[in-house]
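Fold and geometry: a report
Here's the letter readout for the chains.
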Amino acid sequence: MESTITSVRDLAAHAGCEVTLLGWVSQLRSSGKIAFLGLRDGTGTVQVVMARNEVDGASWDAIADLSYESSVRVEGTVRQDDRAPSGYEITASAVEVIGPSNEYPIQPKEHGVDFLLNNRHLWLRHDRQTAIMRVRDEVVKAIRDFFYERDFVLVDSPILTGAIGESADALFSTEYFDLGTAYLAQTGQLYVEAAAAALGKVYCFGPTFRAEKSKTRRHLTEFWMVEPEVAWLDSEGNMQLQEDFISYVVGRALERRRDELEQLERDVTRLEAITPPFDRISYTDAVSVLKERGSAIEWGADLGAEDETVLTDGRDKPLFVYDYPREAKAFYMKENPDDPRTVKCNDLLAPEGYGEIIGGSQREDDYDRLLARIREEGLPEKVYDWYLDLRRYGTFPHSGFGLGLERTVGWICGVPHLRETIAFPRLMSRLTP
Ligand code: 4AD
Ligand code: MG
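Residues numbered from 1 in each chain as written. Chains lettered and ligands numbered in written order. Predicted model: local features only at pLDDT ≥ 70, side-chain atom pairs only at ≥ 80, totals over all residues. Heavy atoms only, no water.

Some thoughts on the pattern of salt bridges
Formally: The rule for a salt bridge is simple: a side-chain nitrogen of Lys or Arg has to be within 4 Å of a carboxyl oxygen of Asp or Glu. Classification of residues uses two cut-offs on accessible area relative to the type maximum, computed with a 1.4 Å probe and protein chains only: under 20% is buried, over 50% is exposed, and between them is partly exposed. Runs of E in the DSSP output that reach at least two residues are strands. Runs of H or I that reach at least four are helices, and both are numbered from the N terminus.
If you walk through the whole model with that rule in mind, you get 39 salt bridges. Linking E298 and K291 is a salt bridge whose minimum nitrogen-to-oxygen distance equals 3.4 Å. Of the residues examined, K291 reaches a relative accessible area of 41% and is grouped as partly exposed. K344 is the partner of D323 in a salt bridge, and the nearest nitrogen-oxygen pair spans 3.3 Å. Here D323 is found in the loop between strand 14 (319-322) and strand 15 (345-350), whereas its partner K344 is found in the loop between strand 14 and strand 15, with 21 residues between them in sequence.

Here you go:
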C-alpha cells in the first residue's frame, strides 16, 4: 500500500506511521551498514536513517548515487526522537533518487560571497537563506494586515511613469513608443497622494528602482517599499502611525517567526524592546549632538550613515529625526510654518546601526509653494501638472511615508547586508541570476 505523502512540518501527526517524504538531500553520512541523510523539503529538515539490512537492494544502491541536493523520495516510519531538531526521525524502508545532483557547487565549507551570489539560485536553498525568506514573508504579511485592519485601501501605483518621484537623478529610463522616455518608479507616493483624495487612507506596496551609484550594504537598485498616504494627517500623527506600524510588524515577526530568528542567532530581546513611543529629536538638535561628538556635519546637509549610527548608539528603540532643512529633502515636503528653512518631515532610524528604514513627511498642500519648489529644483513642470491638480482641486493636508522592506527585514533578522534580504538582489554590479 502507498504510504501518505507528508511534509517535515507535519510529521508529528504521523508519529509511528509509514509516510512518504519528497525533498532534497542536505546532509549525507554513510558507513557500509548504515546511512544518515538530512532531508530538506522546504518546510523543514529531518534526519533519515537507513540500515542496509532493512531496505531493499535498489534502495541501498540508490544511496551510493546520492550527493548534496539530489532530490529523493523516501518511505519510512516516523519515530519520535527528542534529540532531533524537528523532534522526529525517519527510519527508511525505501529510497528513490528522483534527480541526481552531481558536483553541487555549494559545499559545506567557506565560500566567498561573490561565489554565493553567482549561485544565488542554489544558495537560496540553504538554511540561513530560507530562514530570512520566511521572516520576509511574515513581514510582508504583517504589513498588509496592519493596513487592512486599519481600513487602508491598497492602491497599486504604476512602475512605468512619466513623472519623476524623488529627484531627477538616479532614474532608470527606457524608451516608450512615441511618448519618449519612461522612468521606472522611484516611489509610488505621487500616485497614492491622488488616491488619498479619493479614498482617505491608502497604501501602495511594490518594487521601486534607484539607479544610485552607491555600493553600500544598504542600497539595492531594485527594492520593495510600502507607502501609506493619509488625508487630514499631520506630521506628528504620521510619526505616531509609524511607531505603531513598526511595533506591530516586529511583534508579528517575534510571534510567528521566532524559530527562524533564533536560527539566525538574532538577539530577540533587542526586538522585544520595540514598543511605542519612540524617541524624537529635531534635525537641528541632532546636528548639535553630532558636533559635540566630533562630526564635521554642517547644518543643511543630509545625515550620513555614520551620523545615523552615532545618533542611535546606546538606544534600544528606533529614533525619529524630524524637520530637516528643505535643501536636504525632496521638493514635495511641506514648509514648516514655524521655521521655513525646514520642512515637516521625518526619517526613522533603526537601532544597532541599521540606519534609515523610513522616510516620511507632511506634503506641501499649497499650490504656489509647491510650484515654486518644482521650479527651484529645475524639475519638468509639465509632467507634474496632474500632481499640481491635487492642490488646484480641493487641496487637503496629508502625510505619508515609505518603509524600505529589505532594510526592515535586515534589521529584524540581524543581517547587515541587503543582498541576503531579497531572493534575487539587484545591485550595481549584479543583474544575474
Ligand atoms: O526616503 P525615501 O527616498 O522616501 C521616499 O521614497 C518617499 N517617497 C516615501 C514616502 O514618503 N512615501 O525612501 C524610503 C525608504 C528609505 O527609508 C529606505 O528604507 C528605503 O526606502 N530605500 C532603500 N532601500 C534599499 N535600497 C535603496 N537604494 C533604498 N533607497 C531607499
Ligand atoms: Mg530617505
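So, the packing of helix 11 (residues 367-376) against helix 12 (residues 385-392)
Inclusion rule: Only the stretch in contact is used when a helix axis is fitted, and all axes are lines through C-alpha atoms; the angle between N-to-C directions ranges over 0 to 180 degrees. In this scheme, roughly parallel covers angles under 35 degrees and roughly antiparallel covers those over 145, while 65 to 115 is roughly perpendicular and the rest are oblique. Each crossing gets its handedness from the near helix: less than a right angle anticlockwise from the far helix is left-handed, clockwise is right-handed. The contact definition used throughout considers only heavy atoms, calling two residues in contact when any of these lie within 4.5 Å. Residue polarity is assigned by list, with Asp, Glu, Lys and Arg as charged and Ala, Val, Leu, Ile, Met, Phe, Trp, Tyr, Cys and Pro as nonpolar; anything else, Gly included, falls into the polar class.
Where helix 11 meets helix 12, the closest approach of the two axes is 9 Å, and the angle between their N-to-C directions is 160°. Taken together, the axes of helix 11 and helix 12 are roughly antiparallel relative to one another. For the pair helix 11 and helix 12, the crossing hand works out as right-handed. On helix 12, the residues that touch Y367, L370, L371 and I374 of helix 11 are Y387, L388, R391 and R392. Grouping the amino acids of the contact of helix 11 with helix 12 by side-chain chemistry returns six nonpolar, no polar and two charged.

Things to note about the domain arrangement of the protein
Stated formally: The domain limits used here are those given by an automatic or database domain assignment.
Partitioning the protein into structural domains gives domain 1 (4-99) and domain 2 (120-420). Averaged C-alpha coordinates put domain 1 and domain 2 at centres separated by 46 Å.

A few points about the nonpolar core
Note that soluble globular proteins tend to have their nonpolar side chains buried in a common cluster. Operational definition: Side-chain atoms within 4.5 Å are what join buried Ala, Val, Leu, Ile, Met, Phe, Trp, Tyr and Cys residues into a set we call a nonpolar core.
Counting 43 residues, the largest nonpolar core has I143, F245, I246, W411 and I412 as the members making the most contacts within it. No other element matches helix 6 (residues 235-256), which puts nine residues into this core. Sequence-distant contacts of I412, defined by excluding residues within four places in its chain, comprise V135, V139, V249, V250, A253, L261, R266 and L271. Counting residues in hydrophobic clusters, the runner-up holds 30 residues, among them I164, Y283, L290 and L379.

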